[in-house]
Each structure stands twice: as C-alpha cells, then as structure tokens.
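Topology and contacts: notes
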Amino acid sequence: MSGPAGEEPSAAAGAAGATGGEPSVMGEPSAAGRFGDFGGRFVPESLVLACEELEEAFRSAWADPEFHRELDDILRDYAGRPTPVTECPRLSERLGIRILLKREDLTHTGSHKINNVMGQALLARRMGKGRLIAETGAGQHGVATATAAAYFGMECVVYMGAVDTERQELNVFRMELLGAEVIPVHSGSRTLKDAVNEALRAWVARVGDSHYCLGSVMGPHPYPWMVRELQRVVGTEARAQCRAILGGADPDWVVACVGGGSNAAGTFSGFVDTDAILVGVEAAGGAAMSHGVPGVVHGMMSYLLQDEVGQINEAHSISAGLDYPGLGPEHAHLSAIGRARYATADDEEVLRAFKLLSETEGIIPALEPAHALAWVVRHAGNEIPLGSTVMITMSGRGDKDVAQVRELLT
Amino acid sequence: MSAPLARTDARIPGALEKRLRARRDDGGKILIAYVTGGMGDDWLDAVRAVADAGADAIEIGIPFSDPVMDGPTVQEASVRALRRGTTPASIFAALAAAEVGVPLAVMTYYNLVFRAGHRRFARALVDAGVVGAIVPDLPLEEAGGWSEEADAVGVETVFLVAPSTPDERARRICARSRGFVYGIGLMGVTGERAELASTAREVAGRLRPMTDTPVCIGIGVSNPAQAAEVCTEADGVIVGSALVRKLLDGGGPDAAADFVADLRAGIDAV
Ligand SMILES: Cc1ncc(COP(=O)(O)O)c(C=O)c1O
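Residues numbered from 1 in each chain as written. Chains lettered and ligands numbered in written order. Predicted model: local features only at pLDDT ≥ 70, side-chain atom pairs only at ≥ 80, totals over all residues. Heavy atoms only, no water.

1. Comments concerning the site of the ligand
All names here are of chain A. Around the ligand lies a shell of 18 residues, among which Ser216, Gly259, Gly261, Ser262 and Ser395 are the nearest. Contact between the ligand and Ser216: an oxygen atom at 2.5 Å from a side-chain N or O atom of the residue. Between an oxygen atom of the ligand and a side-chain N or O atom of Asn263, the distance comes to 2.8 Å. Starting from 390 Å² of accessible surface for the ligand in isolation, the protein chains cover 96%. Tallied by class, the residues present in the shell around the ligand amount to four nonpolar, twelve polar and two charged. In terms of domain composition, the shell around the ligand takes at least three residues from each of domain 1 (35-73 + 112-223) and domain 2 (82-111 + 232-409). (Near = heavy atom within 4 Å. Polar contact = N/O pair within 3.5 Å; in protein donor to acceptor, adjacent residues only side chain to side chain. Areas by Shrake-Rupley, 256 points an atom, 1.4 Å probe, with all protein chains shown as cover. Nonpolar A, V, L, I, M, F, W, Y, C, P; charged D, E, K, R; others polar. Domains from an automatic or database assignment.)

This is the structure we're talking about:
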C-alpha cells in the first residue's frame, strides 16, 4: 500500500484546503498550511489556538505598510541591510565558473537569522507578548533571538540541547551577555530536535505571554510560510543585485545550504520565477531530503530521518546549524514538483571549501554555507558547465567555527 | 460479571465508550490509568494489576522519540522503553497475548501511525485487542485520514480539548470524539503537579453540557485528593505520570496497584 500520503484526502483536510485554485509556487500555502502534500499543523490541541492567532497576526501585519516600514528601518539601521552581492574573481578563475556571493555574513550577528528574529520580535510586540522563547542548535538562532529581545526590551528564554551547550559554550555566554536565559535540554538526544520539543512544551505552558520565535522554515503552520516571508528579503535583494551585475540577466544556478531551510527558502523565493536552477545543499549526515522519508514531527509533515517504525533519528555533521533530522515542508514540495533539487556535501569537502574561500577571497564562511560552496566546487566544470554564473548564499560568517576548524585541521 | 466474559467484552469494538458509560450511568466515576508500554520487564504485569485494582480502562503509551506533549516522567519511561527495544509491534504482540479484562487504548504520536500507514495501524490495534487510540499531536483538522480508517474497523479515536479551546471548536471536538472526551486539565505537558490547576474543573464544567460522551480530565492529576476534586465536575480522570513515577521508582505492579486502589477509593467517595 502507498501509505497515508497516498490515501484519499480526508473530508476535513479537503474542506480546509478548499481555498480555490492551486497556490502559486512559493506563494501562500493552502488554508491548512500545506505546500502540496507537506506542511500542515500537527500540534497538540493546547497549541492550536496559539497557531491560529499567530497566523492571523502575521497576516494582518504583513498586509500593513506600517509594519513593513518599521521592519525595513530596523533591518537597514540595525541589522545592516541591504547586504551586498560580491563577485569572487579569484575563486571564479580557479573554478572556471562565475561565482557571486549573497553576503548574509555581513549582517549584525553574522547570519541571515537576524532577518527572521527581528520580524518575529516586532510581530510579538504587536501581539502584546513581551517574552520570546527560542530553540537553538549551534546557538546562532539563539544569539539572534537574544539580540532581538535585547533590542525590543523583551524577556528571552533559549532552549538548547545539553550536548550543544557543552560544544558551544561561547554562544551560551553570548546569549547570557545579551540578557537571555539559556536552558540546557537533557531529554532525548539532547540536541536541536529535542530543543525544539522543549521549546514547544514551554510554549504550551506560557502561550498567554510568550511568543515562540522558531528559527527556520519548519514547525506548524504558519511558521514555514512566515519565516520564508521574513527571509524573502534575501532573495529579493539578491535578484536585483544580480541583475545589476549581470546586465539584466539572472544567474544560471542559485545554491544555498539547507538545515531547516530558511536561508535557502528566502533565497529561492527571489529566483523561483526565473530560469535559474535552484539547489539546496544538506549536510551528508543530516540529509532529510536526500535520505529521509515523509513523516510528521515538530508540527509538520515533511521529509525526516527516521527508522522503519517512525522513530526520529539524529543528524550528524561538522556543522551544528545543519544537524536537523528534517527540513522545511516547502522544500519537500519544491523537490516534489521538480522546481528545486537537493544534494549533499560531506564534512571533508566542506572543510576544503571553507579553506578555499578564505584563501582566495578573504571571506571566512560559516560551515553551513561552506556546504553550498563545497557542492558547487565539486560540480564546477562537470554538472555546472564552465562559464556558468552561480550565486551562492553566504548565510553566515565563520568566526563561530574557527576554533572547531582549527581542531579539525590539526 | 465473570472474568472471561469481561475480557471478551473489553476487546470488542466500542468497548471503551460502553464501559465508561456503564460506569457513569451507574452513578460512579471513571478512572483511566496510563502505563508506558515496554517501560520495564514487568510492564504487562503492572497493566494487569492496575486493571484488577479498579481502573475502568487503561491507556498504553507507545514510546516515541519526540514526545512533545509529555513532561519529564513519561519522557523517562519512553526512553527506558525505547532502550529496551520496544516497538509498536512488540507492544501489540504483548497485548494480543495478555488478559487484562478492561478496555485498552493506545496513546502515541502521529508519526508512528503515519509511518505504519493508517489502515495497517488501525488493523494492528484490532488484532492486538486494543479498542481505542489517542494521538495528541493529531488535531481535528489533520485527523481525517486516520479517523476514517479507525472508524472503519471500529477503533475509537479519543480527541482532546484544551483549556484554550474555544467553545465552538470544543463542541466539534466532542462530536468527533469516541470512547470519551479527553479534557486537558492545564496548559502544559503531562507530569505530576503539587496543586490541581483551576483549569481542570473549569474544562470539565464547560465540556459536560456539550456532550453525552463521558468527559474525563487528565494531565496534572496526581493523587487521590486531586482526582476526587476533578470528579466533582468531570465524569472521570486520567492518571498517568504519577502512576508511571511509581513504576520508574521500582515499586513494580504492587505499588501501581496500591496507588490505583487509592485513586479508586478517592473518586468513589465523591
Ligand atoms: C550560518 C547559518 N547558515 C545556515 C543555517 C541553517 O539554517 P537554515 O537552513 O534555516 O538557513 C544556520 C543555522 O544555524 C546558520 O547558522
């Protein structure tokens, strides 16, 4: 049998999804929060109302020019937007293809995560919530959320797997400096997926005064949609910047790394209606799209690393930011309809790419986007024909990874 | 009622609601106990002991790697069960061969159901003699596919109502729920609480006029006094973490039975 995904849609799901017509690619999901077969809202009843209220609040904010004005101002004056697109002449010469980088590494706090958190914190304020809850893996999203909380004068509690609080002591200290409380999570595998569970549990207990500031395009509806919209700025800017550089043309390839998939979703949203080939690169040890099967966890139907009965597996790679056993449901959909492809990069080639970009361009990348670069390096001159133009989203800077890379290289 | 007849009764479709209604219509209060399947070598003995001590029905937890509705106690039991190699199939096999005598419902998370396939999972329940299912991360909007298959083979799907659930939605949930309506006693996850949340009785009071299906309150009901207090408004209670705690602490089936007997006495006094 084909399993539930292949069964007749239920009356309830059918009714909820009946919004009339196919949603456009990277437009709004269905009323039930579905991107094709993926997404939805698989949450305990205690969170249904909170998700509905959040959806309504986001919908109204996103239609409000005043909200956009305020967010745009914050992203410009505080987060440092727009970020440039940088030509990489020395790297391009080395690879025989033209490389452009979208420089999210140059934002305040050093990664694209800031776009999402400033938007969600502004939304939380609009909803009258003065407390932010977040999960974090390596600590990037936790640091970003703690930053947003400090900026808005909000309380902030970050859940982080106990394994990760040990691995990423410095980020724990950063969050504490920013005034956040970091709570080590000892349940399950004590990593990111368990931090998400714990954040959801904490949200259930404090829905009245707390907003759950989820860090990627995952979780229950409306998060995958909302976070993609908040990251859309990456793709919108990059598209115009690429056209300016390329004399009105679009890149042939657009490549981004995928953990939960937020920098990739934001990037792809700017190019989905061009002829660019879109590629999402997962860590080989956390490749939900490449090695997973459909399932439901953290409120969403998507591809997940899991065993034959449905227990969720852990992800393992050198980059904590990509160590997530699932990915956002919209990516599962983009893959299903053939609009984006998903590939993997392994630890070794990622380290080589990390060094290569540092040496040729003076840009030390975070290990996460080094995956995107590693995939491009591997395919330059074969699958990616010589002379092609490739834009890669440099989702973050490598400062956080330098100590780890030093250990790995010596 | 003779024991063998009771056993057969407890396994036929509809047995859960039938048994709980009978208890209520008799003027009694309903006691539902929760035990995590596979949490120790003697888990099945504990289930039997709990039934003999006065539980009207028993929820069998099928452990999941990411139990988002569960607090530390049930999480610990789940981890223990998973480390012992517990799977849905091993629990079903054990239950199929067991003689418990009261209706059983599984409590698990949707991915295990989805991965097996709705139809296959529903049939596995029937084959194991399980009459009900509680899937807390499957809200009404997402439940259609599962409910159809469950209904088709007579498995009763219990739905949950939270303190935050608006009345109009609560009515729809009550209408869809089979076996009983699971009123969530507080805004939080499973676990023992020193005090009974005020929301526990509120939810019961709100739900009872909405439905003729028995209304039972669970989550945060931890001792006989709290159970009795809830039962002033509710048709019954579900006690999980506090019971699982006795088993985790090594009390075995005897401690579980003593505790359930105390709970029974507590609510019988209401
Ligand atoms: C620099 C950077 N890039 C990418 C990611 C992965 O997240 P996403 O796939 O949501 O962009 C992270 C996550 O921590 C990150 O820190």
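2. Here's the deal with the packing of helix H2 (residues 45-62) of chain A against helix H9 (residues 192-205) of chain A
All names here are of chain A. In contact at an axis separation of 9 Å, H2 and H9 are set at 80 degrees when each is read in the N-to-C sense. Our classification of the angle between H2 and H9 gives roughly perpendicular. Across from Ser46, Leu47, Ala50 and Cys51 in H2, the residues of H9 making contact are Leu200, Trp203 and Val204. Classifying every residue of the contact of H2 with H9 by side-chain character gives six nonpolar, one polar and no charged. (Axes fitted to C-alpha atoms, helices over the stretch in contact; angles between N-to-C directions. Helix = DSSP H or I, 4+ residues; strand = E, 2+ residues; numbered from the N terminus. Parallel < 35°, antiparallel > 145°, perpendicular 65-115°, else oblique. Contact = heavy atoms within 4.5 Å.)

3. So, the sheet that holds strand S6 (residues 160-161) of chain B
Residue and element names in this part refer to chain B. An order of S5-S4-S3-S2-S1-S9-S8-S7-S6 is seen for the nine strands of this open sheet, with the pairing classed as parallel. Only two strands of the sheet have a single partner each, and these edge strands are strand S5 (156-158) and S6. Bridge count for strand S4 (residues 132-134) against S5 is three bridges, and the pairing is parallel. For Ile134, the partnering residue across the bridge sits in S5 and is Val158. (Pairing = 2+ DSSP bridges.)

4. Some thoughts on the interface of chain B and chain A
With 43 residues of chain B at the interface, the matching set in chain A holds 45 residues. For the chain B and chain A pair, buried surface summed over both sides reaches about 3400 Å², with 57% attributable to carbon and sulfur atoms. When the buried surface of chain B facing chain A is broken down by residue, B:Phe114, B:Arg115 and B:Glu142 rank first, second and third, together holding 20% of it. In this structure, the salt-bridge partner of A:Lys193 is B:Asp66, at a minimum N-O distance of 2.9 Å. At the surface where chain B touches chain A, the tally comes to 16 residue pairs in polar contact (both at pLDDT 80 or more). Sort the elements by how many residues they give to the side of chain B that touches chain A and helix H6 (residues 110-116) of chain B lands first, with five residues. Across the side of chain B that touches chain A, the residue classes break down as 22 nonpolar, ten polar and eleven charged. (Buried area = accessible area lost by both parts, 1.4 Å probe. Salt bridge = Lys/Arg side-chain N within 4 Å of Asp/Glu carboxyl O.)

5. Focus on the pairing of strand S1 (residues 30-36) of chain B
Both faces of the sheet carry side chains from a regular strand, because those side chains alternate between them. Residue and element names in this part refer to chain B. The buried count for S1 comes to seven of seven residues, which makes it a mostly enclosed element. Residue alternation in S1 divides its side chains into two sets, Ile30, Ile32, Tyr34 and Thr36 and Leu31, Ala33 and Val35, and both sets are buried. Pairing of S1 with strand S2 (residues 57-61), which is carried by five bridges, proceeds in the parallel orientation. Following the sheet pairing, Tyr34 is matched in S2 by Glu59. (Buried < 20%, exposed > 50% of the residue type's maximum accessible area, 1.4 Å probe, protein only.)

6. Some details on the confidence of the model for chain A
On average, residues of chain A score 94 in pLDDT, and 94% of them reach the 70 mark or higher. This stretch, residues 1-20 of chain A, has a pLDDT under 50; its non-local contacts, to residues over four places away or in other chains, come to 25 contacts. (pLDDT = per-residue confidence, 0-100.)

7. What about the sheet that holds strand S13 (residues 340-345) of chain A?
Residue and element names in this part refer to chain A. Overall, mixed pairing links the six strands, which are arranged S3-S4-S14-S9-S10-S13 in an open sheet. For this open sheet the edge positions go to strand S3 (85-87) and S13, each flanked by a neighbour on one side alone. Within this sheet the neighbouring strands show an average axis-to-axis angle of 25 degrees, counted without direction. In this structure, S3 lies alongside strand S4 (residues 98-103), joined through three bridges in antiparallel fashion. Its bridge partner lying in S4, Glu87 is registered against Leu100. Each of strand S9 (253-257), strand S10 (277-283), S13 and strand S14 (389-394) is contacted by helix H11 (residues 262-269), which is oriented at about 160 degrees to S9, the strand it contacts most.

8. Let's talk about the packing of aromatic side chains
Taken as a whole and judged by the stated rule, the model has 16 aromatic pairs over all chains. With a centroid separation of 6.2 Å and 75 degrees between ring planes, the pair formed by A:Trp203 and A:Tyr223 is classed as edge-to-face. Of this pair, A:Trp203 sits in helix H9 while A:Tyr223 sits in helix H10 (residues 223-245), and the two are 20 residues apart along the sequence. We note that A:Trp203, like A:Tyr223, is buried. Centre to centre, the rings of B:Phe64 and B:Tyr109 are 5.7 Å apart; their planes meet at 25 degrees, and the pair counts as stacked. (Phe/Tyr/Trp six-rings, centres within 6.5 Å; stacked < 30°, edge-to-face > 60°.)

9. Structural notes on the domain arrangement of chain A
Residue and element names in this part refer to chain A. Considered domain by domain, chain A is made up of domain 1 (35-73 + 112-223) and domain 2 (82-111 + 232-409). Distance between the C-alpha centres of domain 1 and domain 2: 23 Å. Linking domain 1 to domain 2 there are zero salt bridges. Put simply, domain 1 and domain 2 have eleven residue pairs in polar contact (both at pLDDT 80 or more) between them.

10. Some points on the nonpolar core
Looking at soluble globular proteins, one finds that nonpolar side chains tend to be buried together. A:Trp203, A:Phe268, B:Ile58, B:Trp146 and B:Phe180 are the most contacted members of the largest nonpolar core, which totals 192 residues. Among the elements that take part in this core, H2(A) stands out by supplying eight residues, more than any other. When residues of this core are assigned to domains, at least three fall in each of domain 1 (35-73 + 112-223) and domain 2 (82-111 + 232-409) of chain A. Here A:Trp203 is in contact with A:Leu47, A:Ala50, A:Cys51, A:Ile133, A:Ser210, A:His211, A:Tyr212 and A:Tyr223, once residues within four sequence places are set aside. Within the second largest apolar cluster, 36 residues are counted, among which are A:Trp253, A:Ala283, A:Ile318 and A:Ile363. (Core = buried A, V, L, I, M, F, W, Y, C linked by side-chain atoms within 4.5 Å.)

11. Brief notes about unusual backbone geometry
Residue and element names in this part refer to chain A. Pro82 follows Arg81 through a cis peptide bond whose omega is -5 degrees. Within the secondary structure, Pro82 sits in the loop between helix H3 (65-77) and S3. Here the residue pair His221 and Pro222 is connected by a cis peptide bond, since its omega of 15 degrees sits within 30 degrees of zero. Along the chain, Pro222 falls in the loop between strand S8 (210-212) and H10. For Met26, which is not glycine, the phi dihedral falls at a positive 60 degrees. Positioned with a positive phi, Thr109 is a non-glycine residue whose angle comes to about 75 degrees. By secondary structure assignment, the location of Thr109 is in the loop between S4 and helix H5 (113-126).

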